[in-house]
Amino acid sequence: MESKLKVGPSSSILNTYTPHFIASPFFESFKVSGPDFYASAHMTSSQLLLQNKTTSELFSETMKEYGRKMTELSKRIMEIVLMIMGEGFGEKFYESEFAKCHGYLRIINYSIPTMEEEEEEEEGEVEGLGMHTDMSCITIVYQDEVGGLQVRSKEGKWMDIKACEGRLVVNIGDLMQAWSNGKLRSSQHRVVLKKRRNHNDNSNNYVKKKKNRFSVAFFWCFEDEKVIYAPDEVVGEGGFRVYKPFLCSDYLKFRQSSERGRFEKVGYTAKDFAGI
Ligand SMILES: O=C(O)CCC(=O)C(=O)O
Ligand SMILES: [Fe+2]
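Residues numbered from 1 in each chain as written. Chains lettered and ligands numbered in written order. Predicted model: local features only at pLDDT ≥ 70, side-chain atom pairs only at ≥ 80, totals over all residues. Heavy atoms only, no water.

Our next topic: the coordination of the iron ion (ligand 2). Around the iron ion (ligand 2), the protein supplies His132 (NE2), Asp134 (OD) and His189 (NE2) as donor atoms, at distances of 2.1 to 2.2 Å. Between consecutive donors of the iron ion (ligand 2), the numbers of intervening residues give the motif H-x1-D-x54-H. Taken as a pair, His132 in strand 4 (residues 126-132) and His189 in strand 9 (residues 189-193) lie far apart in primary sequence, 57 residues in all. Exposure class is identical for His132 and His189. Each is buried. (Donors = N, O, S within 2.8 Å, 3.2 Å for Na, K, Ca; no water. Helix = DSSP H or I, 4+ residues; strand = E, 2+ residues; numbered from the N terminus. Buried < 20%, exposed > 50% of the residue type's maximum accessible area, 1.4 Å probe, protein only.)

Structure follows, in structure tokens:
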């Protein structure tokens, strides 16, 4: 913990570590930022793994490769999303609107709730990360086999997103919701740490194989200085704009500073910030 806090929120200029009790008591994460994923990972990991230079380099190399692949994938997905939104939208808007997008990774570790923590919750379902929307254009999430990611339907029903080796989940984020004039919906989602009591076991034994949950989320975002404003073609003839234009960095600041909009805490979104 002492090493982690060296790259944590209050004691370091790096501020890549989010300790427990910020997003939730069960959540901790490291952030690795692009475009130089190697340098970003290395700055953090060399602080943490000082004794082990090779591990730090290996980790940074892996992050570089993962960042590169996710960047490539995000670009392809954005092009497809634009294609779906309208004919010729890919050619029309990709270069002019999305060419300066950038990405960052969040490597998340969710700890196992204690028996007491589970019992405090109804039906033993503990929120590892409360309902929120992402501050990105799109997010690509990998969750390990523990699972627990849930997405809220339009009707407000929680749906399990099953974990599966090699499966990635793509979420639309707030920035894309605003840019698309609300045509694409920023998905509300959360992480539930399922109860570990074994139903079929009356002796109150706990399932032994329960383990920490790991996930890696890649956030693909507009550049800070971009003014987000849905183009006329996106709004459509006869349509009207549902968002005021806003500066990307102003929205990020708003989410990070306002208590209600605090990252990963509650669903406080672009609609509350720039909705008309
Ligand atoms: O851990 C997960 O599966 C999702 C993480 C997430 O939603 C986020 O970091 O915004
Ligand atoms: Fe998220």
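Now that the structure is up, let's keep going.
What follows concerns the sheet that holds strand 7 (residues 158-160). An order of 4-9-6-7 is seen for the 4 strands of this open sheet, with the pairing classed as antiparallel. In the strand order of this sheet, the two ends are held by strand 4 and strand 7, each with one partner. Each strand of the sheet is rotated relative to its neighbour by a mean of 25°, with strand direction disregarded. As paired strands, strand 4 and strand 9 are joined by 4 bridges and run antiparallel to one another. Counterpart to His132 in the pairing with strand 9 is His189. (Pairing = 2+ DSSP bridges. Axes fitted to C-alpha atoms, helices over the stretch in contact; angles between N-to-C directions.)

As a further point, take the sheet that holds strand 5 (residues 138-143). Strands pair in a sheet through their backbones, by hydrogen bonds, and they do so in one of two ways: parallel or antiparallel. The 6 strands lie next to each other as 1-2-3-10-5-8, forming an open sheet whose pairing is antiparallel. The open sheet has two edge strands, strand 1 (17-18) and strand 8 (169-172), and neither has a second partner. Bridge count for strand 5 against strand 8 is 4 bridges, and the pairing is antiparallel. Within strand 8, the residue paired with Val141 across the bridge is Val169. Across the sheet, helix 2 (residues 37-48) touches strand 2 (27-33), strand 3 (102-110) and strand 10 (213-221), and the angle it forms with strand 2 is around 135°. The strands that helix 3 (residues 53-85) touches are strand 2, strand 3, strand 5, strand 8 and strand 10; relative to strand 10, the one it contacts most, it runs at about 55°. (Contact = heavy atoms within 4.5 Å.)

These values are about where atoms sit, not about what they do.
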